[in-house]
Amino acid sequence: LLWKAAALLAICSLVILLVVNESRRRKILADQNKPEWEKAGTTNAAAWQSWKRALQMGSTYTTVGLSNAITEWEHATELDPNYAGAWSTLSVTITIAVREGYLPGTNYLPRAIKYATKAVELNPLAGPPYESLAQARLSSDYDFTKAEPLFRKAIAIDPGNWIARNNFAWDLICEGRFEEAAGIWKRINQEQPQQANPYF
């Protein structure tokens with residue numbers, strides 16, 4: 001009786017394993033067959049196309065190009081208010097444009113904070129929205145104590161995001177925390193030598 005029970009349990013376990021594996025396989029196939037806009041995080045094809053147009057506009061790195069890109073990304077968020085990636089990219093673009101002197105901070109940085117906050121609300125389990133918010137806050141009020149927990153949250157969620165870690169290290173340098181920044185760059189160099197920081 002015990003032998004039969006053990007055999008039945010083994011068969012049941014095997015069946016469950018096969019069902020789980022088949023379910024995973026189907027999910028992987030379904031994800032691979034999704035339209036490009038769904039892979040990018042939106043169910044609205046027009047919003048995704050608007051996001052792509054904005055990306056091309058912003059790549060010119062001119063005042064006109066960046067202004068047009070921001071307008072187009074805002075259009076993408078109007079088409080799909082739940083498109084977290086568009087909100088996050090929009091915030092990052094504004095912050096970079098202000099830092100590089102292409103756009104005035106007074107008019108744009110409050111929008112960058114607002115957009116990054118929206119991205120965090122929509123996708124609290126992703127790292128990039130937290131980094132976007134950290135960068136926007138730091139550029140707005142230069143208060144690193146407010147930005148640091150957001151950087152750390154972004155890195156904790158996505159430790160493989162070397163860009164977030166690199167940006168955090170540069171901001172640590174600005175705060176005079178050289179050893180901590182060097183430690184981050186050392187880890188990046190060890191884990192991703194192709195992204196080695198030439199200043200380290």
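Here the structure is shown first, and the text comes after it.
In this report, we go over the structure that sits alongside the text.

**Describing helix α9 (residues 162-174)**
Link 1 in the chain: Under the 1.5 Å per step criterion, the end-to-end length of α9 is 19 Å for 13 residues, consistent within 8% with the ideal 18 Å.
Link 2 in the chain: Here α9 has its buried residues at Ala-164, Arg-165, Asn-166, Phe-168, Ala-169, Asp-171 and Leu-172.
Link 3 in the chain: Packing partners of the buried residues in α9 comprise α5 (84-99), α7 (128-141), α8 (144-157) and α10 (178-191).
Link 4 in the chain: One side-chain oxygen of the residue at the start of α9 lies 3.2 Å from the amide nitrogen of Ile-163, identifying that residue as Asn-161.
Link 5 in the chain: Among the residues trailing α9, Gly-176 stands out with phi positive, at a value near 80°.

**Considering α7**
Link 1 in the chain: Given a rise of 1.5 Å per residue, 14 residues ought to cover 20 Å, and the 20 Å separating the end C-alpha atoms of α7 matches this to within 8%.
Link 2 in the chain: The element α7 is extensively covered by neighbouring structure, given that ten of its 14 residues are classed as buried.
Link 3 in the chain: Taken together, the buried positions of α7 are occupied by Pro-129, Tyr-130, Glu-131, Ser-132, Leu-133, Ala-134, Gln-135, Ala-136, Leu-138 and Ser-139.
Link 4 in the chain: Buried positions along α7 lie against α5, α6 (105-122), α8 and α9.
Link 5 in the chain: Tyr-142, located one to two residues past α7, shows a positive phi value of around 55°.

**Some points on the side chain of Thr-95**
Link 1 in the chain: Inspection of the secondary structure puts Thr-95 in helix α5.
Link 2 in the chain: When neighbours within four sequence positions are excluded, Thr-95 is seen to be in contact with Leu-109, Ala-112, Gln-135, Ala-136 and Ser-139.

What counts and how
- Residues numbered from 1 in each chain as written.
- Predicted model: local features only at pLDDT ≥ 70, side-chain atom pairs only at ≥ 80, totals over all residues.
- Heavy atoms only, no water.
- Helix = DSSP H or I, 4+ residues; strand = E, 2+ residues; numbered from the N terminus.
- Expected span 1.5 Å × (residues − 1).
- Buried < 20%, exposed > 50% of the residue type's maximum accessible area, 1.4 Å probe, protein only.
- Contact = heavy atoms within 4.5 Å.
- Polar contact = N/O pair within 3.5 Å; in protein donor to acceptor, adjacent residues only side chain to side chain.

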